[in-house]
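Descriptive analysis of the structure
Chain by chain, the residues:
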Amino acid sequence: MRLKILVTGKNRKIAKDLCEHLESDRGYLTAKCQPDRNALFDVILAELPKVIIICLGDETIETIRAYNVLRDANRRGNCTTIVISNDQDERIFKKYTELDRAFFLSRPVPLLSLYEKLIKVEEQLAAEGDDDSDVFTVFENENSYSGPPRRKILVVDDDPDQLLHIKDQLSEFYDVTPVRSGEDCFRYLMKRKPDLILLDYLMPDEDGPEVLAKMQTVEEYAEIPVIFLTGVTEKKAVLKTLTELRPAGYIIKPSRKSDIVAKIIQALEPEEEPEAEKKNE
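All residue numbers here refer to positions counted from 1 along the written sequence of the relevant chain. Reporting in this predicted model follows two pLDDT cut-offs: at least 70 for local features of residues, and 80 or more for side-chain atom pairs to be given and counted; totals over whole chains, interfaces and linings ignore these cut-offs and use all residues. Only heavy atoms go into the side-chain values, all of them from the structure, while hydrogens and water stay out.

Regarding its fold elements, the protein chain presents 13 helices and 10 strands. With 281 residues in all, the protein chain has 43% of them scored as buried. Of the contacts made within the protein chain by residues no fewer than 6 positions apart, 68% connect residues no fewer than 24 positions apart. Accessible surface is estimated by sampling points in the Shrake-Rupley manner with a 1.4 Å probe; for residues, cover comes only from the protein chains shown. Working note: accessible area of the protein chain is about 15800 Å², and carbon and sulfur atoms make up 47% of it. Put simply, DSSP marks the helices as runs of H or I at least four residues long and the strands as runs of E at least two long, and each gets a number from the N terminus on. For every residue, the accessible area obtained with a 1.4 Å probe (protein chains only) is divided by the maximum for its type, and the residue is called buried under 20%, exposed over 50%, and partly exposed between those limits. Contacts are assigned to residue pairs with any non-hydrogen atoms lying within 4.5 Å of each other.

With an omega of -5°, the peptide bond between Arg 107 and Pro 108 qualifies as cis. By the secondary structure assignment, Pro 108 is in the loop between β5 (103-106) and α6 (111-127). Pro 254 follows Lys 253 through a cis peptide bond whose omega is -10°. Note on placement: Pro 254 falls in the loop between β10 (249-252) and α12 (257-268). Of note in the backbone geometry, Arg 246 takes a positive phi value of approximately 55° without being a glycine. Summarising the element assignment, Arg 246 is placed in the loop between α11 (235-245) and β10. Given a relative accessible area of 68%, Arg 246 falls into the exposed group.

By definition, two strands form a pair when at least two bridges between them are found by DSSP. In space, the five strands of this open sheet follow the order β7-β6-β8-β9-β10, with parallel pairing throughout. Each of the sheet's edge strands pairs with one partner strand only, and the pair in question is β7 (175-179) and β10. When strand polarity is set aside, the average angle formed by the axes of neighbouring strands in this sheet is 20°. In this sheet, β7 lies alongside strand β6 (residues 152-156) in parallel orientation, the contact comprising five bridges. Bridging across to β7, Leu 154 finds its partner in Thr 177. Lines fitted to C-alpha atoms define the axes, with helix axes restricted to the stretch in contact, and inter-axis angles between N-to-C directions lie between 0 and 180 degrees.

Counting 37 residues, the largest nonpolar core has Leu 70, Leu 170, Tyr 174, Leu 198 and Ile 264 as its most contacted members. Of all the secondary structure elements, the ones that give two or more residues to this core are β2 (29-33), α2 (37-47), β3 (51-55), β6, α7 (160-170), β8 (196-200), β9 (226-230) and α12. With five residues, the single largest contributor to this core is α12. Apart from residues lying up to four places away in sequence, Leu 70 is in contact with Leu 40, Ile 44, Ile 52, Ile 54 and Leu 99. Here, the term nonpolar core denotes a set of buried Ala, Val, Leu, Ile, Met, Phe, Trp, Tyr and Cys residues that are joined through side-chain atoms within 4.5 Å.

For Phe, Tyr and Trp, where Trp contributes only its six-membered ring, two rings pair if their centres lie within 6.5 Å, and the inter-plane angle classes them as stacked under 30 degrees, edge-to-face over 60, or tilted in between. As enumerated under the stated definition, the model contains five aromatic pairs in all. Plain terms: the ring middles of Tyr 67 and Phe 93 are 6.3 Å apart, the flat faces sit at 40° to each other, and that makes the pair tilted. Note that Tyr 67 is positioned in the loop between α3 (61-66) and α4 (71-75) and Phe 93 in helix α5 (residues 87-96), a separation of 26 residues in sequence. One exposure class covers both Tyr 67 and Phe 93, and it is buried. Given the relative accessible area of 1%, Phe 93 is considered buried.

Our next topic: the confidence of the model for the protein chain. The predictor attaches a confidence to each residue, called pLDDT, with possible values from 0 through 100. Mean pLDDT over the protein chain stands at 82; residues scoring 70 or higher make up 85%. Considering each helix and strand of the protein chain separately, the mean pLDDT is smallest for helix α13 (residues 274-280), with a value of 47, and largest for β8, with 95. The low-confidence segment residues 131-146 (pLDDT under 50) makes three contacts with residues lying over four places distant or belonging to another chain. Within the model, pLDDT remains below 50 along residues 271-281, and this stretch shows 18 contacts once partners closer than five positions in the same chain are excluded.

Pasting the structure below:
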């Protein structure tokens, strides 16, 4: 197994040196990313790293909060976060972070201690059967599961925090895929068909109504239920859109988990969603 590691942070020198050591000393797969919320979100979705290393340097409240986009990966429990910092950066990080768990290492980086921690992560992943080796292929027998299949929900929103929040709310009941634009939405639809789409009403480039109108011109997309995600200030415009495009409904942001699930159940027909409805109660 080759451990996949994402390295980020304002201290670019340490991040660069770490990537070189991780690749040459241990043969790990590394990806570097700017400490920007949007960039981090995109890399997390694309790379699915098992370890995230944050190299802090001269941090501010705003830069610390940018790392909060990592909390979804952190909360799933299958990703280890390591923070490399001095005492001052460690204090400000702990004060303003929303991450639930992280391991700290002081500068200069003790490579031996870091490698020992990474070896433990590898051993844990191996024990859990989480192995990315190319030697084996995975067979999942769909007939072995007697319960109802999990519905697929596509969430389209240009706000990474909103995407991760909704994914965290719905993952108990559904297979949730987050994307950040109408273009990404159609790229997804070309490969697979979701059971329902949660679509942000206001987005740059193409907004929600434009995306829905375009979907309705394509036969295989036209029957997919679409629920708008909208702010209170857009409610009047949404009501007009309801009469013109006839989506499955709308949800005012921010909304409770129970409200979102109830709206999804209503759109997908209650009799076909007994497990989600039962848990929601």
